[in-house]
Amino acid sequence: MIKILAVGDVFGTPGMEFVRKHLRRIKNIENADLVIVNGENSHDGSGLDRNDANLLFESGADVITGGNHSFRRYAIFDLLEEEQFVLRPLNFPPASPGNGYCIIPVKNGLRALVISVCGQVFMDPIDSPFTAVERLLDEVKGKYDFAICDFHGEATSEKQAFMHIFDGRIQAVFGTHTHVQTADERLTERGSGYISDIGMCGGEDSIIGVTYETAVPRFTRNVRMKGIPSSENVCLRGAVFELDEKTLYCTNVKRIKYSEGNLK
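Since the structure is predicted, the reported quantities are computational estimates derived from the model, not experimental observations.

A. Seen up close, the nonpolar core. Judged by nonpolar contacts, the single largest core of 27 residues is most densely connected at Leu5, Val10, Leu23, Val37, Leu56 and Leu236. Of all elements in the fold, only strand S1 (2-7), helix H1 (12-30), strand S3 (34-38), helix H2 (50-58), helix H3 (76-82), strand S12 (234-243) and strand S13 (250-259) reach the threshold of two or more residues within this core. The biggest single contributor to this core is H1, with five residues. Sequence-distant contacts of leucine 23, that is, excluding residues within four places in its chain, are made with Leu5, Val7, Phe18, Val35, Val37, Ser59, Gly60, Ala61 and Leu236. Ranked by size, the runner-up nonpolar core spans 26 residues in total, among them Ile36, Cys102, Ala112 and Ile148.

Below you can see the structure in the form of structure tokens.
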């Protein structure tokens, strides 16, 4: 059995501190062979820098995926070129720094293709994730054994369409970006596992990770304030995918939530 732990968007200092303290223990509890962490909101709630990436790796992450905020910190550009396991979305322009995928050895000689993509619906203009991933699967055919995709998108419908198109070709598809964990985890007859969004690692007494005081005025007074990451009731949410080593079918998808309370 291969177990893949996917961690939702790590949000700001509260999320990073939780990961620093607990991710390796969670990895051991779940007996995970591969840990994928979405890090695009790690730095003060927007972007990622070299220190953030180093901390995530030191805490137990094997691959860091990105999203629409991947380029918010210019200092990350060099790291994206240097570090193959820090990804930005595959469907960013070809001239963008970094890569949108990696191939990583996991267990007993099996190789995982890990893909990071962004959605188009209600998001910034970007290439189609569907065509970008089709091209990639053709390019790397025969170089990997199973595939995993972090689909960073707003619309559940777009994520479900992506799962339908790549059902049986990508064994684990999970959504990020909304910071709200969904309850639609499922297995398909073609051997894939799916969940629309795995949630976030951050303060849950908040508006998607941001303090009420700095988030609510946007809705009540049309005033945008600098969002301050909440440190209230910090939790880590994500999902664990189990793959059969022989068939490489996904046999289970499990939502997870860890807080300080259930890690004592």
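B. View of the sheet that holds strand S5 (residues 101-107). Spatially, six strands are ordered S5-S6-S7-S8-S10-S9 in an open sheet, and the strand pairing comes out mixed. Strands at the two margins of the open sheet, each flanked by one partner only, are S5 and strand S9 (186-187). Of the pairings in the sheet, the one linking strand S6 (residues 110-118) to strand S7 (residues 146-152) comprises seven bridges and is parallel in character. From the neighbouring strand, valine 117 faces S7, where its bridge partner is phenylalanine 151. Sheet contacts for helix H4 (residues 129-139): S5, S6 and S7; angle to S6, the most-contacted strand, approximately 155°. The sheet strands contacting helix H5 (residues 156-166) are S7, strand S8 (172-176), S9 and strand S10 (193-195), and the helix crosses S10 at an angle near 175°.

C. Up close: H5. Taken together, the buried positions of H5 are Glu158, Lys159, Phe162, Met163 and Phe166. When H5 is viewed along its axis, its buried side chains cluster within an angular range of 140° and face the same direction. Seen from the open side of H5, the exposed residues pointing more than 90 degrees away from its buried face are Ser157 and His164. For H5, the secondary structure elements touched by its buried residues are H4, S7, S8, S9 and S10. Positive phi appears at glycine 168, one or two residues downstream of H5, with a value of about 85°.

Rules of the game
- Residues numbered from 1 in each chain as written.
- Predicted model: local features only at pLDDT ≥ 70, side-chain atom pairs only at ≥ 80, totals over all residues.
- Heavy atoms only, no water.
- Core = buried A, V, L, I, M, F, W, Y, C linked by side-chain atoms within 4.5 Å.
- Buried < 20%, exposed > 50% of the residue type's maximum accessible area, 1.4 Å probe, protein only.
- Helix = DSSP H or I, 4+ residues; strand = E, 2+ residues; numbered from the N terminus.
- Contact = heavy atoms within 4.5 Å.
- Pairing = 2+ DSSP bridges.
- Axes fitted to C-alpha atoms, helices over the stretch in contact; angles between N-to-C directions.
- Arc of directions from axis to C-beta.

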